[in-house]
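Reading the structure
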Amino acid sequence: DATAATTEPLVIMGAGLVGSLLSLYLVRRGHPVHLYERLADPRRAGLLEGRSINLALSDRGWRGLAGVGVTDDIQKVGIPMYRRVMHDQQGQLTQQPYGQEGQAIFSVSRDSLNRTLLDLVEAKPEAQITFGQKLTQLDLPGRRLHLRDVASGQEYDVGYQRLFGVDGAFSAVRGAMQRLDRADYSQQYLEYGYKELTIVAGPGGAWQLEKNALHIWPRGNYLMIALPNLDGSFNATLFFPYEGPLSFESLRTPDEVEHFFADVFPDAAPLMPNLDTEFFAHPTGSLVTIRCWPWSYQDTVLLLGDAAHAIVPFYGQGMNAGFEDCTVLDRLLNEIGETDWTRVMDEFERLRKPNTDAMAELALYNFVEMRDRVADPRFLLQKRIESKIAAQYPGRWVPLYSRVTFSPDTPYAEAWAAGQRQEAIMAQLMPHIQAEADYEKPEVQALVKEQLAEGDAQ
Ligand code: FAD
């Protein structure tokens, strides 16, 4: 029955960031949707352990939100961060703008973003969200979900016509697809974990560090970062080895933790009065890159977001890439039409896979930049020289960070390739440069011109 098929809801597994945005897109296209989510409704359950965690939202994410007209709701709860501020071990600060004047990435609370999106989904009569339902098995050829009601333990089956697996890095939908013939899958953990900590607000809710910046304490082998919250506090995250002489394993007592922080983060430690409690109460999170292929099963199942491509967080792009998935899928549905889902899904995978693979590499690359290179004066000098080249050759030299973060028309794979070409040029140039003024030297100017011309010729 054709009518039944078109009115049967599309099933979205996972009501996280990407699942809720995807639902808004599909509803806007005229589809009823049914979302299933393992966790309880975050708007009723309250914050997990009272913690709020923030994320950096940038242009690809904004574009995803704009496609369903929800940027205003999010803008209200975002704080623009125009630069990185690096804190050295003596508490001295250096800074590096993220982009051009006025360009920023935004600190938003994961929880308020998720709640806002869920409110918007729930306001649509065509959308239904059922919380507390865990997918435990999936019959791909039979198109049946096996779900468990988490509260009662009751298990039941639901059929579907089309299923979107947006159930995150440890996706159960992907789990079923992995067992099929010729399914590729890899997961790689870093030897680092992360711990979320709090830099408290000052009197009257004042920010005790510069508000409109992302703060970094680069320490070579490890780092701490902090992003601002609306209430004057910052969420700090320590990225630290699991094992070794300076590691999570080596810090065993509150005393050891306090000494370590006072020693290596001397300007932040006094702003972290709950440090020793938080350090032991908060879990140590792991950091994983997950790649898989294919992302679809026939024309009935498609993976998006972390379920298809989980990456480490050092470029602040995981959610942004997931939101971009929604934009790309919507565009393909416009271009190809909804009568040929096989082509839509094939094209989606073909377009997205090289880009999310490149993003995974970029995220690993940026780990070294953030924990180590940003502390090197030569690296910061190189970045200032790059801005000069960008200003002198507008459009022909776009810094890698800007291509990834502020250029949503540039696919990630193109950004990464161009970034590597520019890095090779800088490697030629930097031996001639000891100070910013050296950029004006005729031999440097000639070299820049020559290198750019070579790049154009390629
Ligand atoms: P998720 O947000 O994981 O949502 C998946 C949902 O599916 C969850 O609600 C889950 O409960 C549900 N689910 C899972 N299994 C089942 C099941 N069996 N049945 C039913 N439901 C299920 N990205 C950025 O863009 N910027 C950042 O600054 C940034 N910082 C980060 C910092 C850290 C420390 C980490 C770990 C990640 C960061 N990310 C960042 C990445 C970002 O969090 C993810 O990319 C994003 O959450 C992916 O969204 P998603 O909806 O695909 O998955």
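Residues numbered from 1 in each chain as written. Predicted model: local features only at pLDDT ≥ 70, side-chain atom pairs only at ≥ 80, totals over all residues.

You'll find the chain entered in an unreviewed UniProt entry as Kynurenine 3-monooxygenase, with Hymenobacter polaris given as the organism. Per UniProt, the chain has the following entry under Catalytic activity (unreviewed entry): "L-kynurenine + NADPH + O2 + H(+) = 3-hydroxy-L-kynurenine + NADP(+) + H2O". Under the heading Pathway (unreviewed entry), UniProt records this for the chain: "Cofactor biosynthesis; NAD(+) biosynthesis; quinolinate from L-kynurenine: step 1/3." (UniProt positions renumbered as here; feature names shortened; annotations may be inferred.)

UniProt's entry tags residues 11–176 and 298–360 with the feature "domain: FAD-binding" (unreviewed entry), counted in the numbering of this structure. Here residues 298–360 runs as 62% helix and 8% strand, with 26 Å between its end C-alpha atoms. (Helix = DSSP H or I, 4+ residues; strand = E, 2+ residues; numbered from the N terminus.)

Moving on to helix 6 (residues 110–122). Relative to the 18 Å expected for 13 residues at 1.5 Å per residue, helix 6 spans 18 Å between its end C-alpha atoms, a close match to the ideal helical length. Close packing links the buried residues of helix 6 with helix 2 (17–28), helix 3 (42–45), helix 5 (71–75), strand 7 (105–109) and strand 8 (127–130). (Expected span 1.5 Å × (residues − 1). Contact = placed C-beta atoms within 7 Å.)

Below, the discussion takes up the domain arrangement of the chain. The domain architecture assigned to the chain consists of domain 1 (2–87 + 109–187 + 288–366), domain 2 (188–286) and domain 3 (376–457). The C-alpha-based centres of domain 1 and domain 2 are spaced at 30 Å. Each side of the interface is counted separately: domain 1 has 21 residues, and domain 2 has 21 residues. The element contributing the most residues to the side of domain 1 that touches domain 2 is strand 5 (residues 83–87), with 5 residues. Considering only residue class, the side of domain 1 that touches domain 2 consists of 11 nonpolar, 7 polar and 3 charged. (Domains from an automatic or database assignment. Nonpolar A, V, L, I, M, F, W, Y, C, P; charged D, E, K, R; others polar.)

For the bond from W293 to P294, the omega torsion is 0°, close enough to zero to count as cis. Following the sequence through the fold, P294 ends up in the loop between strand 17 (285–293) and strand 18 (296–297). Although it is not a glycine, R182 adopts a positive phi angle of roughly 60°. In this structure, R182 sits in the loop between helix 7 (172–178) and strand 13 (184–199). According to the C-beta neighbour criterion, R182 is exposed, with 6 such atoms within 10 Å. Phi is positive for Q298, which is not a glycine, with a value near 45°. Locating Q298 in the fold gives a position in the loop between strand 18 and strand 19 (301–303). (Buried ≥ 20, exposed ≤ 12 C-beta atoms within 10 Å, placed from the backbone.)

What follows is about the sheet that holds strand 20 (residues 309–310). Taken in spatial order, the 8 strands line up as 6-5-14-15-16-13-17-20 in an open sheet, and their pairing is mixed. The open sheet terminates on both sides in strands that have one partner only, identified here as strand 6 (93–97) and strand 20. Bridge count between strand 15 (residues 223–228) and strand 16 (residues 234–241): 6 bridges; the pairing is antiparallel. Within strand 16, the position partnered with L223 by the bridge is F239. In the packing of helix 11 (residues 341–371) onto the sheet, the strands contacted are strand 14 (213–218), strand 15, strand 16, strand 17 and strand 20, and the crossing angle to strand 17 comes to about 155°. (Pairing = 2+ DSSP bridges. Axes fitted to C-alpha atoms, helices over the stretch in contact; angles between N-to-C directions.)

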